[in-house]
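Each chain, letter by letter, is given below.
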Amino acid sequence: MVETREELDFIAGRLHARPLMLVVLCPPLEVARHRNVTRAVETRVDYDVTPLARNQRRELGGLGWWLDSGDQTPEETADLIVAEAARRAVVHRALPSPR
């Protein structure tokens, strides 16, 4: 998970593949919370995702593809990403070149 522009720049600076694609899964918060509480105990997170989502939106808003996966199954989400990422998820802003 990438939360900030600084983290994205760090990762992008070490990748040699281009173009860089970013897909942010952003179901409505109530859907994310429901999914979390219905997961197996060992895969749940024990923190409120609201600050994380807010920070991602502030830091990364406008970059890549923000996919509302709230009405989709994991399989539908994966299929859509495979089908559309090359068209919708490319990060167009200049990021650091690999060293």
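Within every chain, residues take consecutive numbers counted from 1 along the sequence as written. With the structure being a predicted model, the display of local features is reserved for residues of pLDDT at least 70 and the display and counting of side-chain atom pairs for 80 or more, all residues being used for whole-chain, interface and lining totals. Excluded from the side-chain calculation are hydrogens and water; included are all heavy atoms of the structure.

Asker: Please explain the overall build of the protein chain as it appears in this structure.
Answerer: Only DSSP runs of H or I covering at least 4 residues are called helices, and only runs of E covering at least 2 are called strands; the numbering of each starts at the N terminus. Helix and strand counts for the protein chain come out as four helices and two strands. Written out in order from the N terminus, the α and β elements of the protein chain read α-β-α-α-β-α. On the principal axes, the C-alpha backbone points of the protein chain span a range of 40 × 30 × 25 Å. By the burial criterion, 30% of the 99 residues in the protein chain qualify as buried. Residue contacts follow a heavy-atom distance rule, with two residues in contact if any of their heavy atoms lie within 4.5 Å. Long-range contacts, defined here as pairs at least 24 residues apart, represent 75% of the contacts in the protein chain between residues at least 6 apart. Each charge class in the protein chain was averaged separately, 14 positive and 15 negative side chains, and the resulting centres sit 7 Å apart. The classification of residues rests on relative accessible area computed with a 1.4 Å probe and restricted to protein chains. Under 20% of the type maximum is buried, over 50% is exposed, and intermediate values are partly exposed. Charged residues are defined here as Lys and Arg on the positive side and Asp and Glu on the negative side; His and the ends of the chain fall outside this count. Lys charges are placed at NZ, Arg charges at CZ, Asp charges at CG and Glu charges at CD.

Asker: For this particular structure, what's the right way to read a nonpolar patch on the surface?
Answerer: Here a patch means residues that are over 30% exposed by relative accessible area and free of salt bridges, tied together within 9 Å if like-charged and within 5 Å if nonpolar (Val, Leu, Ile, Met, Phe, Trp, Tyr). Here, Shrake-Rupley sampling with a 1.4 Å probe gives the accessible areas, and only protein chains in the shown set may cover a residue. Note on definitions: salt bridges are taken to be side-chain nitrogens of Lys or Arg within 4 Å of carboxyl oxygens of Asp or Glu. On the surface, Met1, Val45 and Tyr47 cluster together into a nonpolar patch covering about 340 Å² of accessible area. With respect to the helices and strands, methionine 1 occurs in the segment before helix 1 (5-12). On the accessibility criterion, methionine 1 (75% relative accessible area) is exposed.

Asker: Can you help me understand the environment of leucine 8 in this one?
Answerer: By secondary structure assignment, the location of leucine 8 is in helix 1. Once the C-alpha coordinates of leucine 8 and glycine 61 are considered, the two residues, 53 residues apart in sequence, prove to be 12 Å apart. Non-local contacts of leucine 8, meaning those with residues more than four positions away in its chain, are made with Val2, Leu20, Leu22, Leu60 and Leu63.

Asker: Just checking my understanding: could you explain the side chain of threonine 4 for this structure?
Answerer: As for its position among the elements, threonine 4 is in the segment before helix 1. By relative accessible area, threonine 4 is classed as buried at 16%. Excluding anything up to four places from it in sequence, threonine 4 contacts Asn55, Glu59 and Leu60.

Asker: When you look at helix 3 (residues 50-60) in this model, what are you seeing that I'm missing?
Answerer: For an α-helix, 3.6 residues make a turn, and residues three or four places apart therefore share a direction. All buried positions along helix 3 are accounted for by Thr50, Leu52, Asn55, Gln56 and Leu60. In this structure, the buried side of helix 3 is in contact with helix 1, strand 1 (23-25), helix 2 (29-37) and strand 2 (65-67). Phi for glycine 62, located one or two positions after helix 3, is positive at around 90 degrees.

Asker: Could you clarify how one ought to interpret the pattern of salt bridges in this entry?
Answerer: Working definition: two side chains of opposite charge can pair if their charged atoms are close together. Within this structure, the stated rule accounts for three salt bridges. The salt bridge involving aspartate 9 is made with arginine 5; its shortest N-O contact spans 2.9 Å. Pair noted here: aspartate 9 and arginine 5 are both in helix 1, with a separation of four residues, about one helical turn. One salt bridge in this structure joins aspartate 48 and arginine 33, with 3.7 Å as the shortest N-O distance. Remark: arginine 33 occurs in helix 2 and aspartate 48 occurs in the loop between helix 2 and helix 3; sequence separation between them is 15 residues. Judged by its relative accessible area of 45%, aspartate 48 is partly exposed.

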